[in-house]
Structure formats: structure tokens, C-alpha cells
Amino acid sequence: SITAYGRINSVDFNGDFNGNLVSYSGGIGSVRITNGSFRPGNRIEAQDGSIDSVLVTGGHLMGSIIAEENIGTVIVAPGADGFWGDIGINPNLSQFVRFDNLRNQMPPGVAPDPTFQGPRIQAGGNISLVDVQRASMWESSIVAGFSVSRVHVYGVILNDNVTPGIGGSYVVAGDSIG
């Protein structure tokens, strides 16, 4: 985990990130995770400030992103090797099935269960863009105190097939969506 009592300008991870990234004042600039996933149960959080951008390339976004003020962009993009990631835990993928010689479809220890497992993308003010370029959003929420400008999900926005009930995936804003 990385904790700062001032602004975090830029952080780059190559491979999975299984920890928290927290700024207590001044916000977070850019976070890039390449060829790995942001693991569930963790958070990228700006407690007194905004988060400019989070880019996950060739991995899954399974941890939460929380800003007291605004969130600029959250993008989950395909990697150069053809791996594309979801927001949340895709029930059609497995930690036991290889993607290539270096990694499996899901990180170790990650599998769907009957609870709502997806991350929360939440801002006290505005969220400009959430973009899942080649996959889906599973049991995840996007919440803005004021507005959500744009959400683009290439695939579906759903619960997985082992979670009972409704309400696992939603987009909510205090004023406007779109």
C-alpha cells in the first residue's frame, strides 16, 4: 500500500496491484496499471481532493476508486497482448484457466461468490468518464454527488449468475447522468 499526506502525482504499476493507494490531502494525479489487475477489496482514494485518471490496460478493475471531490477518467483498456479486462469479477473467467504463459484469466484467489463483489467508483462531485473498452461491468456501482458525464461499457452491466437478487450494478448521480 501507498499512503501520502499530500498529493500523489503519478503512480505506475506493471502487473497486479493488491494494495491501497490513499492521499489524505491534495488528491491523486494519474494511476496506471499495465498487464495486471487492481485486486478486489482495495481502494484508490483521495480523501481531500480529486483523482485525475485511472487507466488499467490489459487487466481487471476490481478495487474501488473513491474521491471526496471529482474523478476525471476511469478507463479499462485492452492490452497489446489481446487481454481485455472487466470492471468487477467476470463469472465467465477463471483463476485456473491460463491466458498466456505469464498469467491466468483472473488473479489468484479471485472467483465469483453470492455477495456483491464489484467495486465502487464514487466521487463527491463529478465523474467525467468511465470507459470499459472491450469487456463488461459486473456488480459494480458508479456514484457521483453531482453528475456523471459519460459511461461506456462495451459489453454488459449485470450481476453474476451466483448472486441472488437485483441491485448489484448501478449508476447514480445527484443531479445528472449523461
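Look a little higher up for the structure.
Treat the numbers as computed from the prediction; the structure is a model and nothing was measured.

A. Layout of the pattern of salt bridges. Here the structure, examined in full by the defined rule, presents 5 salt bridges. Among the ionic pairs, R32 bridges to D12, the shortest N-O distance being 2.6 Å. With a gap of 20 residues between them, R32 in strand 4 (residues 28–34) and D12 in strand 2 (residues 8–14) connect regions that are remote in the sequence. Its relative accessible area of 34% is what places R32 among the partly exposed residues. A salt bridge links D81 to R103; the nearest nitrogen and oxygen atoms lie 3.1 Å apart. Of this pair, D81 sits in the loop between strand 8 (71–77) and strand 9 (120–123) while R103 sits in the loop between strand 8 and strand 9; the two residues are 22 residues apart in sequence, bridging distant segments of the chain. Accessibility expressed as a relative area gives 17% for R103, which makes it buried.

B. A look at the sheet that holds strand 2. With parallel pairing, the 7 strands of this open sheet are ordered in space as 2-4-6-8-10-13-16. The open sheet is flanked by strand 2 and strand 16 (176–177), the only strands paired with a single partner. Pairing between strand 8 and strand 10 (residues 126–132): 5 bridges, direction parallel. Looking at the pairing, V76 lines up with V132 of strand 10.

C. Quick look at the side chain of R103. Here D81 takes part through its side chain, which lies 3.1 Å from a polar atom of the side chain of R103. Contact partners of R103, with chain neighbours within four places excluded, come to N35, G36, G58, G59, D81, F83 and R98.

D. Seen up close, the sheet that holds strand 9. With parallel pairing, 7 strands are arranged side by side in an open sheet as 1-3-5-7-9-12-15. A strand with exactly one partner marks an edge of an open sheet, and here the two such strands are strand 1 (2–4) and strand 15 (170–173). For this sheet, the mean inter-axis angle between neighbouring strands, taken without regard to orientation, is 5 degrees. When strand 9 meets strand 12 (residues 141–144), the two strands line up parallel, connected through 4 bridges.

E. The arrangement of the environment of N101 in detail. Note on placement: N101 falls in the loop between strand 8 and strand 9. Judged by its relative accessible area of 68%, N101 falls in the exposed class.

F. Looking closely at the packing of aromatic side chains. Scanning the model with the defined rule gives 4 aromatic pairs in all. With centroids separated by 4.0 Å and ring planes inclined at 15 degrees, the aromatic side chains of F13 and F17 adopt a geometry described as stacked. A single burial state applies to F13 and to F17, both of which are buried. Where F17 meets F38, the ring centres are 5.8 Å apart and the plane angle is 10 degrees; that geometry is what we call stacked. Of this pair, F17 sits in the loop between strand 2 and strand 3 (21–23) while F38 is found in the loop between strand 4 and strand 5 (43–46), placing the two residues 21 residues apart along the sequence. Taking relative accessible area as the criterion, F17 reaches 8% and is therefore assigned buried. A network of ring pairs unites the aromatic residues F13, F17 and F38 as a single cluster. Over the aromatic face of W84 sits the side chain of R134, whose NZ or CZ is 5.5 Å from the ring centroid. The ring of Y154 carries the charged tip of R134 above its face, separated from the ring centre by 4.4 Å.

Reading the values: rules and limits
Residues numbered from 1 in each chain as written. Predicted model: local features only at pLDDT ≥ 70, side-chain atom pairs only at ≥ 80, totals over all residues. Heavy atoms only, no water. Salt bridge = Lys/Arg side-chain N within 4 Å of Asp/Glu carboxyl O. Helix = DSSP H or I, 4+ residues; strand = E, 2+ residues; numbered from the N terminus. Buried < 20%, exposed > 50% of the residue type's maximum accessible area, 1.4 Å probe, protein only. Pairing = 2+ DSSP bridges. Polar contact = N/O pair within 3.5 Å; in protein donor to acceptor, adjacent residues only side chain to side chain. Contact = heavy atoms within 4.5 Å. Axes fitted to C-alpha atoms, helices over the stretch in contact; angles between N-to-C directions. Phe/Tyr/Trp six-rings, centres within 6.5 Å; stacked < 30°, edge-to-face > 60°. Lys NZ or Arg CZ within 6 Å of the ring centre and 35° of its normal.

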